[in-house]
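# Architecture and fold: a report
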Amino acid sequence: LRVTIGGQAFPHLLFHAVLPYSNWEHLTVSRSESMLAIRTGLTRALRRLQHVPEFAQSDSSSAATHAVAGAGSSPTRTASGRWFNQEYEDLVKHYGMTPRTIALGESEQNGDVEALNNALRRRLKQRLLLRGSRDFESLEVYQSWLDEVAEKANVHRTDRVQKELKHLRELSATLVTEYRELTVPVLSGSTINVKRNLYSVPSRLIGEEVNVRLYESRIEVYFKGEPQLLTD
């Protein structure tokens, strides 16, 4: 889509949640195909829908599955013979759904999603042309624009959505946070190591431990409840 944020290139993906009968859809910006991206995208979609399907179906994404059982594996195998990652299965089951995947090389088993992906690309390109610019002042503004595009499409699906919701359970589980929380030490150079990335924090924190909220595209660092570092 060649979208830019504040004039800067913004390579990204979209987490595309779809209900198969009504084709209700929801979009969330993702910087990578990661567990945090799934956590954020799925939580945002369920928050908007306020209902829960029986199954959460995906392809054999490496964020959700892996080939060999071992540490971090759930005891559940997928339709493709891979193993679900424990964190992914825990997330899906927290919301009361059953995880499942399509078989390897059988993309037609995700037919509605695949078809809507192509339609979505065309729609976003058209909306960008009408907007007159592919540049957005912030990630928040871009996400709000995507939400608006999806909502306009969903308006035309209202009757089928209402029929589909009758077969879904109301959302009752507590929404999980869109971040993973870590406790890390502050090193002698007044830096912290978060997922092999170094970040600078105030030197007065050397030797202390700080709490890190690791989001899909940013981190927040707190010491005794006070913010020390907020990245974009």
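Look up: the structure comes first, before these words.
Residues numbered from 1 in each chain as written. Predicted model: local features only at pLDDT ≥ 70, side-chain atom pairs only at ≥ 80, totals over all residues. Heavy atoms only, no water.

## Some details on the packing of aromatic side chains
Under the counting rule described, the total for this entry stands at six aromatic pairs. Relative to Tyr142, the ring of Phe136 has its centre 4.9 Å away and its plane inclined at 45°; by these criteria the two rings are tilted. In terms of burial, Phe136 and Tyr142 fall into one category: buried. Where Tyr142 meets Trp145, the ring centres are 6.3 Å apart and the plane angle is 20°; that geometry is what we call stacked. Placement of the pair is Tyr142 and Trp145 together in helix H4 (residues 139-155), with a separation of three residues, close to one helical turn. (Phe/Tyr/Trp six-rings, centres within 6.5 Å; stacked < 30°, edge-to-face > 60°. Buried < 20%, exposed > 50% of the residue type's maximum accessible area, 1.4 Å probe, protein only. Helix = DSSP H or I, 4+ residues; strand = E, 2+ residues; numbered from the N terminus.)

## Some remarks on the pattern of salt bridges
Close approach of charged atoms allows side chains of opposite charge to pair. Considering all chains together, one arrives at ten salt bridges under this definition. The salt bridge involving Lys152 is made with Glu148; its shortest N-O contact spans 3.2 Å. Placement of the pair is Lys152 and Glu148 together in helix H4, with a separation of four residues, close to one helical turn. Given the relative accessible area of 39%, Lys152 is considered partly exposed. Assessed through its relative accessible area of 43%, Glu148 is described here as partly exposed. (Salt bridge = Lys/Arg side-chain N within 4 Å of Asp/Glu carboxyl O.)

## What to know about the side chain of Ser30
Secondary-structure assignment places Ser30 in strand E4 (residues 25-30). Beyond its immediate stretch of four places on either side in the chain, Ser30 contacts His12, Leu13, Phe15, Ala37 and Glu216. (Contact = heavy atoms within 4.5 Å.)

## Some thoughts on the packing of helix H3 (residues 111-131) against H4
Following both chains from N to C, one finds H3 and H4 inclined at 115°, their axes separated by 11 Å at the closest point. For the pair H3 and H4, the crossing hand works out as right-handed. Counting all contacts with H3, which are made through Arg123, Leu124, Arg127, Leu128 and Arg131, the residues of H4 involved are Trp145, Leu146, Val149, Lys152 and Ala153. (Axes fitted to C-alpha atoms, helices over the stretch in contact; angles between N-to-C directions. Left-handed = near helix turned anticlockwise from the far one by under 90°.)

## Remarks on the nonpolar core
Membership of the largest hydrophobic core comes to 19 residues, with the highest contact counts inside it found for Ile38, Leu42, Tyr88, Leu91, Val92, Tyr95 and Met97. Mapped by element, the contributors of at least two residues to this core are strand E3 (13-18), helix H1 (35-49) and helix H2 (86-94). The element contributing the most residues to this core is H1, with five residues. With sequence-adjacent residues up to four places away left out, Leu42 is seen in contact with Phe15, Leu91, Val92, Tyr95 and Met97. (Core = buried A, V, L, I, M, F, W, Y, C linked by side-chain atoms within 4.5 Å.)

## Examining the sheet that holds strand E11 (residues 135-136)
Taken in spatial order, the three strands make up an open sheet running E2-E1-E11, and their pairing is mixed. At either margin of the open sheet sits one strand with a lone partner, and together these are strand E2 (8-9) and E11. Bridge count for strand E1 (residues 4-5) against E11 is two bridges, and the pairing is parallel. Residue pairing in the sheet places Ile5 in a bridge with Phe136 of E11. (Pairing = 2+ DSSP bridges.)

## A look at unusual backbone geometry
With the exception of glycine, the majority of residues adopt a negative phi angle, and the majority of peptide bonds are in the trans configuration. Look at Lys195: it is not a glycine, yet its phi comes out positive at around 55°. Along the chain, the position of Lys195 falls in the loop between strand E14 (191-194) and strand E15 (197-200). Under the relative-accessibility criterion, Lys195 is labelled exposed at 53%. Even without being a glycine, Arg196 presents a positive backbone phi close to 70°. Within the secondary structure layout, Arg196 lies in the loop between E14 and E15.

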